[in-house]
Amino acid sequence: MRILKLLLKTYYRQIIEIKMKGIYTLKYRNKIMIKWLNAIFYFINAENFTSFIQIATINLLIVVISRSLYAISYYYRYPELFEGKGRPFKVYFLNNYLLYFILKEITLILIGILYYPISVGIGVYSFILMGDNIKNIGEKKENHIIKNTGDSIRIIIPLIGIIYFIITQDYLLVGFVALSLLIYMISGFNRMERTLSDLKEKILNSRFNRSRVGKIGHVSLFILTIGFSLFSISAVGIYSPPKRQTYYIQMSDGVKLATDVYYSPGSFGTAKPVILVRTPYGKTGWAYDLYSLFYFIQDYHLVIQDLRGTFDSGGGQDFLLFTQSYKDGVETVEWIMEQSWCNGKIASVGVSALCINEYFYAGMNPNGLEAQSLWFGTPELFDHAIYQGSYHKSSVETWIESTAPENYDHQIGMIFEYFPKNETLYNSTSLKINSGPTYSNISVRALHVGGWYDHFLQGTIDGYVGYDDYGTSRARNHQKLIMGPWTHGSIYGGKQGQLTYPDNSNGFNMIFEWEQEIFDESLRGIAANWDGARVAYYLMGDIESSGKWNYWRYAYDWPLDYVNTTWYFHENRVLNTTLPTTGYNYSYIFDPRDPVETLGGQNQPFDLNGPYDQRPIENRSDVLLFESDVLTEPYETVGRIWGHLWVSSNCTDTDFTVKLTDVYPDGRSMLITDGSLTVRSRNGYTIEDFMSGNQIDVYELLVDCWSTAYTFAPGHKIRVAISSSNYPRFAINPNTNASLAESYLNYNIANNTLCTGPLYNSSIILPELRNMSATHTYY
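Caption draft 1: Summary view of the packing of aromatic side chains. Counted by the stated rule, this structure contains 42 aromatic pairs. Ring centres of F382 and Y685 lie 5.2 Å apart, and the angle between their planes is 70°; this geometry places the pair in the edge-to-face category. Taken together, the positions of F382 in helix α14 (residues 381-386) and Y685 in the loop between β19 (669-678) and β20 (699-712) put the pair 303 residues apart, joining distant regions of the chain. For Y685, a relative accessible area of 26% translates into the label partly exposed. Over the face of the ring belonging to W514 we find K480, whose NZ or CZ atom lies 5.0 Å from the ring centre.

Caption draft 2: The arrangement of the pattern of salt bridges in detail. Counting across every chain of the model gives 36 salt bridges. Across the pair D151 and K135 runs a salt bridge, and its minimum N-O distance is 3.6 Å. Of the two residues, D151 is situated in helix α6 (residues 144-168) and K135 in helix α5 (residues 116-141); the sequence distance between them amounts to 16 residues. For the salt bridge of E517 with K480, the shortest nitrogen-to-oxygen distance reads 2.9 Å. Residue E517 is found in helix α19 (residues 508-524), and its partner K480 is found in strand β8 (residues 479-484); the two are separated by 37 residues along the sequence. Judged by relative accessible area, E517 falls into the partly exposed class, the value being 27%. One network of salt bridges, with partners in common, ties together D132, K135, K147, D151 and R154.

Caption draft 3: Structural detail: the side chain of N726. For N726, the location among the structural elements is in the loop between β21 (717-723) and β22 (750-756). For N726, the side chain forms a polar contact with the side chain of T598, separated by 2.8 Å. In this structure the side chain of N726 is engaged in a polar contact, spanning 3.2 Å, whose partner is the side chain of D674.

Caption draft 4: Region of the structure containing helix α3 (residues 52-77). Over its 26 residues, α3 runs 35 Å from end to end, which matches the ideal 38 Å to within 8%, given 1.5 Å per residue. Of all bends in α3, the biggest is about 45°, found at L60. Regarding α3, the residues found buried are Q54, I55, N59, V63, S66, R67, Y70, A71, S73, Y74 and R77.

Caption draft 5: Broad picture of the sheet that holds strand β16 (residues 624-627). Judged by pairing direction, the sheet is antiparallel, and its 4 strands sit side by side in the order β16-β21-β18-β19 without closing on themselves. Each edge of the open sheet carries a strand with a single partner, namely β16 and β19. Pairs of neighbouring strands in the sheet enclose a mean axial angle of 20°, with direction left out of account. Here 4 bridges tie β16 to β21, and the two strands are oriented antiparallel to one another. Looking at β21, one finds that L625 is bridged to A721.

Caption draft 6: Local environment of unusual backbone geometry. At the junction of W558 and P559, the peptide bond is cis and its omega measures out at 0° in the coordinates. Here P559 is to be found in the loop between β12 (551-555) and β13 (562-569). For S352, which is not a glycine, the phi torsion comes out positive at approximately 65°. The residue S352 is located in the loop between β5 (342-351) and α13 (353-362) in this model. When its relative accessible area of 12% is taken as the criterion, S352 is described as buried. One non-glycine residue, F376, adopts positive backbone phi at about 55°. Assignment of secondary structure puts F376 in the loop between β6 (369-375) and α14. Residue F376 is classed as buried on the basis of its relative accessible area of 0%.

Caption draft 7: Quick look at the environment of L61. Here L61 lies in helix α3. For L61, a relative accessible area of 51% gives the class exposed. Sequence-wise, L61 and G123 are 62 residues apart; in three dimensions their C-alpha atoms are separated by 9.9 Å.

Caption draft 8: A look at the nonpolar core. In terms of nonpolar packing, the biggest core is built from 98 residues, with I275, W452, F519, Y537, W558, L645 and I764 touching the most fellow members. Residues in contact with I764, not counting those within four places in the same chain, are T565, T566, W567, F569, L575, I641, W642, G643, V658, L660 and V720. Within the second largest apolar cluster, 53 residues are counted, among which are V303, Y326, I386 and Y408.

Caption draft 9: Spotlight on the confidence of the model for the protein chain. Across the protein chain, the average pLDDT comes to 88, with 88% of residues at 70 or higher. Confidence over residues 11-34 falls short of pLDDT 50; this stretch has 26 contacts with residues more than four positions distant or in other chains.

Caption draft 10: Representation of the pairing of strand β18 (residues 655-663) in the model. Among the 9 residues of β18, 9 are classified as buried, and the element is accordingly described as predominantly covered. Burial along β18 is two-sided: D655, T657, K659, T661 and V663 facing one way and F656, V658, L660 and D662 facing the other are all buried. The sheet contact formed by β18 and β19 spans 9 bridges and is antiparallel. Among the inter-strand pairings, T661 is bridged to a residue of β19, identified as L671. In sequence, β18 turns back onto β19 through a hairpin of 5 residues, with G667 there showing a positive phi of about 100°. Pairing of β18 with β21 involves 7 bridges; the strand directions are antiparallel. Bridge assignment links V663 to a residue of β21, and that residue is K717.

Parameters at a glance
Residues numbered from 1 in each chain as written. Predicted model: local features only at pLDDT ≥ 70, side-chain atom pairs only at ≥ 80, totals over all residues. Heavy atoms only, no water. Phe/Tyr/Trp six-rings, centres within 6.5 Å; stacked < 30°, edge-to-face > 60°. Helix = DSSP H or I, 4+ residues; strand = E, 2+ residues; numbered from the N terminus. Buried < 20%, exposed > 50% of the residue type's maximum accessible area, 1.4 Å probe, protein only. Lys NZ or Arg CZ within 6 Å of the ring centre and 35° of its normal. Salt bridge = Lys/Arg side-chain N within 4 Å of Asp/Glu carboxyl O. Polar contact = N/O pair within 3.5 Å; in protein donor to acceptor, adjacent residues only side chain to side chain. Expected span 1.5 Å × (residues − 1). Bend = angle between axes of the 7 residues up to and from the residue. Pairing = 2+ DSSP bridges. Axes fitted to C-alpha atoms, helices over the stretch in contact; angles between N-to-C directions. Core = buried A, V, L, I, M, F, W, Y, C linked by side-chain atoms within 4.5 Å. Contact = heavy atoms within 4.5 Å. pLDDT = per-residue confidence, 0-100.

Rendered as structure tokens:
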């Protein structure tokens, strides 16, 4: 229901904006109305308010039986009202009470069958009135059995309603039962003693019977009520969630991929744009729940496919996740294009793993793929998901174990043995290489969505830049990027890690509107505006003090115009922008048996990610802290952050980690971003460049801490933590020459040194924005 409310607010804003632009034409009005019909009746079905099957069986049965029994009892109580040509008085339109009575009953039945609680309410009310009629008949005939039967019905029916509530605890249903009893108490008691003459007088004096206007009004009310009911019943059937049609699409290598097709509700399979979703999590799971909600109400057909080797798709035990996506995705798009229900325009959507595979087949430029919605993913599988400077252990192993448990060992073994040295495997999951899937083939217009605390953070940004700067002419300058203060997939904002951001951190409306604008243009031919802001990013800061932070900024493009500011590490662990004049070395012992524990950050699993207070793990001998003075003015950094370290070690290989935190006035050290680098990989993943193991040799490292947008508030301090482990976010380095592996039997204890001073000026590099008026539409 939360998503429903957000969707309704978004639609309302769209109508207002269209009217303000003066383009509220019949074309737009029809487009919006069709979506409203899809939305309303989809939610009626999806939220189990009603369904065509329930209407045609349970609801209809309850109302027809109850009203039929009531009508029979009413007839025997007042037979004179239903006499044919010898009727004793004229009443209502066409002077025919029987016709009026029939139309009234039809109206009640049509209204009652729309919703189960209404059916029950009408049923209870009808049975009680039937009891009144039976009692009255018994009194007339002086038959105590008939009279007592009527009394029994009036008592038993409410008791049945109470018992049913006790069993089901259905408060809505008991509410309608209570309403029916209230109506009976208000009007039913008068009916019980009403004689035929009383009834005649009431009917003749009815305002509907006294004038032509009243008669016309009564007739109109009947027609409108019946028409609404018939329309609602038809719409519930027509716009109900469509049935799944499953196909097994054969790939060029013979593998068959399980694929479900859903027609847009109410379309009956006519040609329309198609939304493609490819998932490793099961095509009937949450992917269906999420994307059917989004796209059925927008009048799109939906295709959901199990990735190769997962769930119902073939692939065997020797498949590798994503390495065939660039082929499988293209062949799936080609299959969709051949179907009669596709109008030749396709958009793909996905979050996380569903997003990652999108990049690779888009990089082959399949015909018909016009647009994409890319949430929390990366176009560089190895660089971002597997090896972010160091082996991203928790993310890789947790994800593979949950996604492909049956061939976990094969997946992990192939990563360790072949990535990134095997060019075929590496290139099939990378767009930056000019072979196989590549940025230069990209021809889609897309929305890119990510979070500052997401473990694919840099992948989202790099994907946007790659599409926007290096794609075909159709793709260049036609991308949009949204970066929020979010962990993985948490677009609703609010609580992230140990911090709770303001309500404006909810990005749902913006995401939905930007995506719809892109899809409307690419799939429906409605022009989008590409001249204004194409980038929205959330500038984070202190959540407990007011200032110009924790709000959305809008820019024309990314990266923004910036200058790098170097914050140097000094003696006495001071951090400032002044180049040190004296050298000082900081040494510590790194024991792989006792690593620094991961506490938040851009981490997977998701139960411990986002901004966390680092104090519990900072008070260690193997953690070096450098801290600025208390800030007197806000300090803002937006862009990519690098740790520039000069180091030495008694081992030939080890790791160095960098964390940037915001120290609050109460002492909390809240994590902003971090990074790690395995020293052997300092010159590239494919080159193993070991150290000498001689501590007199000093090596230069650039530790990629990815990007952020953050303001350090006055009264706060900037802190940088240097160490050699962050486990299990990054694997523990055994400090040997051993190749990458899941675990190690042998290890060395490292004596690691960070060098500072004028020669070896270790530092952290923070980007500062400039020319903001030229790069932003709102800042």
